[in-house]
Amino acid sequence: MNEVLRAIKSRRSVRKYKTDQISQESLDLIIEAGVYAPTAHNEQPWHFTIIQNQEMLQHMNEKVKELMAKSDIDWIQKMSSNPNFQVTYNAPTLIIVSGRKDAMAWSADCAAAMQNMLIAAESLNIGSVWLGLLRFFFEQEEEVSKLGIPEGYQPYYGIALGFKAQEKEQIAPKRNLNVVNYIR
Ligand SMILES: Cc1cc2nc3c(=O)[nH]c(=O)nc-3n(C[C@H](O)[C@H](O)[C@H](O)COP(=O)(O)O)c2cc1C
(Lines give C-alpha, C1' and ligand atoms only; values in the text may rest on other atoms or scores of the structure.)
Protein backbone atom coordinates (compact mmCIF):
# COMPACT_ATOMS: atom_id res chain seq x y z
CA MET A 1 0.00 0.00 0.00
CA ASN A 2 1.39 3.46 -0.77
CA GLU A 3 2.29 5.79 2.12
CA VAL A 4 -0.67 8.16 1.69
CA LEU A 5 -3.25 5.36 1.71
CA ARG A 6 -1.47 3.71 4.62
CA ALA A 7 -1.64 6.93 6.68
CA ILE A 8 -5.32 7.48 5.79
CA LYS A 9 -6.25 3.94 6.83
CA SER A 10 -4.09 3.66 9.92
CA ARG A 11 -5.00 7.03 11.45
CA ARG A 12 -7.16 6.53 14.55
CA SER A 13 -8.55 8.93 17.10
CA VAL A 14 -5.96 8.77 19.88
CA ARG A 15 -7.25 9.31 23.41
CA LYS A 16 -4.15 8.51 25.45
CA TYR A 17 -0.97 10.56 25.13
CA LYS A 18 2.56 10.66 26.49
CA THR A 19 3.52 13.87 28.26
CA ASP A 20 6.54 14.68 26.07
CA GLN A 21 6.02 17.48 23.59
CA ILE A 22 6.16 16.99 19.82
CA SER A 23 8.92 18.90 18.02
CA GLN A 24 8.38 22.31 16.46
CA GLU A 25 9.56 20.77 13.17
CA SER A 26 6.76 18.17 13.27
CA LEU A 27 4.22 20.81 14.26
CA ASP A 28 5.30 23.01 11.35
CA LEU A 29 4.90 20.09 8.93
CA ILE A 30 1.41 19.37 10.28
CA ILE A 31 0.32 23.00 9.95
CA GLU A 32 1.82 23.19 6.48
CA ALA A 33 -0.24 20.12 5.50
CA GLY A 34 -3.30 22.01 6.78
CA VAL A 35 -2.70 25.07 4.65
CA TYR A 36 -2.23 22.92 1.55
CA ALA A 37 -5.89 21.82 1.76
CA PRO A 38 -8.22 22.97 -1.02
CA THR A 39 -10.43 26.00 -0.29
CA ALA A 40 -13.38 27.52 -2.12
CA HIS A 41 -12.08 30.29 -4.39
CA ASN A 42 -8.65 29.70 -2.81
CA GLU A 43 -9.72 31.91 0.09
CA GLN A 44 -7.66 30.02 2.70
CA PRO A 45 -10.02 31.43 5.35
CA TRP A 46 -8.45 29.88 8.43
CA HIS A 47 -6.40 30.68 11.48
CA PHE A 48 -4.58 28.18 13.70
CA THR A 49 -4.09 28.79 17.41
CA ILE A 50 -1.51 26.49 18.98
CA ILE A 51 -1.88 25.94 22.71
CA GLN A 52 1.00 24.24 24.52
CA ASN A 53 0.62 26.05 27.82
CA GLN A 54 -0.35 23.53 30.51
CA GLU A 55 -2.25 26.06 32.63
CA MET A 56 -4.33 27.14 29.65
CA LEU A 57 -5.03 23.53 28.65
CA GLN A 58 -6.04 22.72 32.21
CA HIS A 59 -8.31 25.75 32.33
CA MET A 60 -9.99 24.77 29.07
CA ASN A 61 -10.54 21.22 30.30
CA GLU A 62 -12.07 22.39 33.57
CA LYS A 63 -14.32 24.90 31.85
CA VAL A 64 -15.56 22.35 29.28
CA LYS A 65 -16.23 19.77 31.99
CA GLU A 66 -18.15 22.31 34.05
CA LEU A 67 -20.32 23.28 31.05
CA MET A 68 -20.82 19.67 29.91
CA ALA A 69 -22.16 18.85 33.38
CA LYS A 70 -24.99 21.34 32.74
CA SER A 71 -25.86 19.91 29.31
CA ASP A 72 -29.37 18.63 28.56
CA ILE A 73 -27.84 15.82 26.54
CA ASP A 74 -27.55 12.69 28.65
CA TRP A 75 -24.35 11.18 27.26
CA ILE A 76 -22.53 14.50 27.47
CA GLN A 77 -23.53 14.98 31.09
CA LYS A 78 -22.50 11.40 31.89
CA MET A 79 -19.14 11.86 30.19
CA SER A 80 -18.39 14.94 32.29
CA SER A 81 -19.01 13.02 35.52
CA ASN A 82 -16.14 10.64 34.79
CA PRO A 83 -13.28 11.96 36.96
CA ASN A 84 -10.73 10.78 34.37
CA PHE A 85 -12.37 12.55 31.44
CA GLN A 86 -10.34 15.34 29.87
CA VAL A 87 -11.67 16.91 26.69
CA THR A 88 -8.11 17.14 25.29
CA TYR A 89 -7.03 13.77 26.76
CA ASN A 90 -3.94 15.37 28.36
CA ALA A 91 -2.36 15.83 24.92
CA PRO A 92 0.54 18.30 25.13
CA THR A 93 -0.52 20.28 22.03
CA LEU A 94 -3.89 21.59 20.97
CA ILE A 95 -4.58 23.25 17.62
CA ILE A 96 -7.72 25.33 17.41
CA VAL A 97 -8.86 25.89 13.85
CA SER A 98 -10.88 29.07 13.32
CA GLY A 99 -12.67 30.10 10.14
CA ARG A 100 -13.12 33.56 8.64
CA LYS A 101 -16.85 34.07 8.98
CA ASP A 102 -17.34 36.04 5.77
CA ALA A 103 -15.66 33.43 3.56
CA MET A 104 -17.99 31.55 1.24
CA ALA A 105 -17.29 28.03 2.52
CA TRP A 106 -15.19 28.50 5.65
CA SER A 107 -16.45 25.44 7.50
CA ALA A 108 -15.75 23.09 4.58
CA ASP A 109 -12.33 24.73 4.06
CA CYS A 110 -11.43 24.35 7.74
CA ALA A 111 -12.61 20.73 7.79
CA ALA A 112 -10.36 20.00 4.80
CA ALA A 113 -7.40 21.56 6.64
CA MET A 114 -8.23 19.55 9.76
CA GLN A 115 -8.28 16.25 7.90
CA ASN A 116 -4.98 17.06 6.16
CA MET A 117 -3.42 17.74 9.58
CA LEU A 118 -4.70 14.47 11.05
CA ILE A 119 -3.25 12.50 8.13
CA ALA A 120 0.04 14.42 8.29
CA ALA A 121 0.29 13.69 12.03
CA GLU A 122 -0.25 9.98 11.41
CA SER A 123 2.42 10.01 8.69
CA LEU A 124 4.84 11.30 11.36
CA ASN A 125 3.63 8.69 13.87
CA ILE A 126 2.05 11.43 15.99
CA GLY A 127 -1.34 10.74 17.54
CA SER A 128 -4.29 13.06 17.07
CA VAL A 129 -8.00 13.40 17.67
CA TRP A 130 -10.58 15.80 16.25
CA LEU A 131 -12.30 17.57 19.16
CA GLY A 132 -15.90 18.65 18.79
CA LEU A 133 -16.64 18.90 22.49
CA LEU A 134 -14.50 22.04 22.68
CA ARG A 135 -17.58 23.81 21.39
CA PHE A 136 -18.61 24.21 25.03
CA PHE A 137 -15.58 26.44 25.45
CA PHE A 138 -16.06 28.18 22.10
CA GLU A 139 -19.61 29.17 23.07
CA GLN A 140 -18.18 31.35 25.87
CA GLU A 141 -17.27 34.71 24.34
CA GLU A 142 -15.23 35.75 27.34
CA GLU A 143 -13.15 32.55 27.16
CA VAL A 144 -12.63 32.81 23.40
CA SER A 145 -11.32 36.34 23.86
CA LYS A 146 -8.33 34.83 25.73
CA LEU A 147 -7.23 32.87 22.65
CA GLY A 148 -5.89 35.67 20.45
CA ILE A 149 -8.02 34.63 17.48
CA PRO A 150 -8.10 37.46 14.90
CA GLU A 151 -11.21 39.61 14.52
CA GLY A 152 -13.79 38.11 12.16
CA TYR A 153 -12.72 34.49 12.77
CA GLN A 154 -14.76 31.91 14.62
CA PRO A 155 -13.26 28.91 16.45
CA TYR A 156 -14.48 25.79 14.75
CA TYR A 157 -12.88 22.61 16.08
CA GLY A 158 -9.76 21.51 17.88
CA ILE A 159 -7.12 18.88 17.23
CA ALA A 160 -5.22 17.28 20.09
CA LEU A 161 -1.69 16.19 19.16
CA GLY A 162 0.96 14.17 20.94
CA PHE A 163 2.84 10.89 21.03
CA LYS A 164 0.55 7.88 21.30
CA ALA A 165 0.48 6.18 24.70
CA GLN A 166 -1.79 3.22 23.98
CA GLU A 167 -0.15 -0.10 24.63
CA LYS A 168 -2.04 -1.95 21.87
CA GLU A 169 -2.56 -1.02 18.23
CA GLN A 170 -6.01 0.55 17.84
CA ILE A 171 -8.57 -1.28 15.74
CA ALA A 172 -10.53 0.95 13.36
CA PRO A 173 -14.25 1.24 14.20
CA LYS A 174 -16.10 -0.76 11.57
CA ARG A 175 -16.71 1.17 8.36
CA ASN A 176 -19.90 0.82 6.34
CA LEU A 177 -18.78 0.42 2.74
CA ASN A 178 -22.33 0.18 1.44
CA VAL A 179 -22.58 3.90 0.78
CA VAL A 180 -21.93 4.09 -2.95
CA ASN A 181 -24.09 4.16 -6.05
CA TYR A 182 -22.93 4.33 -9.62
CA ILE A 183 -24.41 5.86 -12.72
CA ARG A 184 -22.43 4.49 -15.66
C1 LIG B 1 -16.76 16.59 13.79
C2 LIG B 1 -16.08 15.61 14.71
C3 LIG B 1 -16.09 15.81 16.08
C4 LIG B 1 -15.45 14.91 16.94
N5 LIG B 1 -15.38 15.18 18.28
C6 LIG B 1 -14.72 14.34 19.11
C7 LIG B 1 -14.56 14.67 20.49
O8 LIG B 1 -14.97 15.72 20.98
N9 LIG B 1 -13.90 13.78 21.28
C10 LIG B 1 -13.40 12.61 20.79
O11 LIG B 1 -12.83 11.84 21.57
N12 LIG B 1 -13.52 12.28 19.48
C13 LIG B 1 -14.15 13.12 18.63
N14 LIG B 1 -14.22 12.84 17.28
C15 LIG B 1 -13.59 11.60 16.76
C16 LIG B 1 -14.60 10.52 16.38
O17 LIG B 1 -15.19 9.99 17.53
C18 LIG B 1 -13.87 9.43 15.58
O19 LIG B 1 -13.30 10.00 14.42
C20 LIG B 1 -14.77 8.27 15.16
O21 LIG B 1 -15.23 7.57 16.28
C22 LIG B 1 -14.04 7.27 14.23
O23 LIG B 1 -12.86 6.77 14.83
P24 LIG B 1 -11.42 6.98 14.16
O25 LIG B 1 -11.16 8.46 14.13
O26 LIG B 1 -10.44 6.26 15.05
O27 LIG B 1 -11.46 6.42 12.78
C28 LIG B 1 -14.82 13.74 16.41
C29 LIG B 1 -14.80 13.55 15.02
C30 LIG B 1 -15.39 14.49 14.17
C31 LIG B 1 -15.27 14.31 12.67
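Preceding block: the structure.
A brief look at the structure comes next. (Residues numbered from 1 in each chain as written. Predicted model: local features only at pLDDT ≥ 70, side-chain atom pairs only at ≥ 80, totals over all residues. Heavy atoms only, no water.)

1. Side note on the site of the ligand
Right, so step 1: Residues in contact with the ligand amount to 13 residues; listed here are only the nearest, Arg 11, Ser 13, Arg 15, Tyr 89 and Arg 175.
Right, so step 2: Between the ligand and the protein, one listed contact pairs an oxygen atom with a side-chain N or O atom of Arg 12 at 2.8 Å.
Right, so step 3: Against a free-state accessible area of 630 Å², the protein chains account for coverage of 68% of the ligand.
Right, so step 4: A total of three residues in the shell around the ligand trace back to one element, the largest contributor, which is strand E3 (residues 127-131). (Near = heavy atom within 4 Å. Polar contact = N/O pair within 3.5 Å; in protein donor to acceptor, adjacent residues only side chain to side chain. Areas by Shrake-Rupley, 256 points an atom, 1.4 Å probe, with all protein chains shown as cover. Helix = DSSP H or I, 4+ residues; strand = E, 2+ residues; numbered from the N terminus.)

2. Points about the nonpolar core
Right, so step 1: Core analysis: the largest hydrophobic core is formed by 27 residues, its most contacted members being Ile 51, Met 60, Leu 94 and Leu 134.
Right, so step 2: Looking at this core, the elements with two or more residues in it are helix H3 (54-68), strand E2 (93-100), E3 and helix H6 (135-138).
Right, so step 3: With six residues, the top contributor of residues to this core is H3.
Right, so step 4: Ala 37, Trp 46, Ala 121 and Tyr 156 belong to the second-largest nonpolar core, a separate cluster that totals 23 residues. (Core = buried A, V, L, I, M, F, W, Y, C linked by side-chain atoms within 4.5 Å. Buried < 20%, exposed > 50% of the residue type's maximum accessible area, 1.4 Å probe, protein only.)

Any functional reading would require information that these geometric values do not contain.
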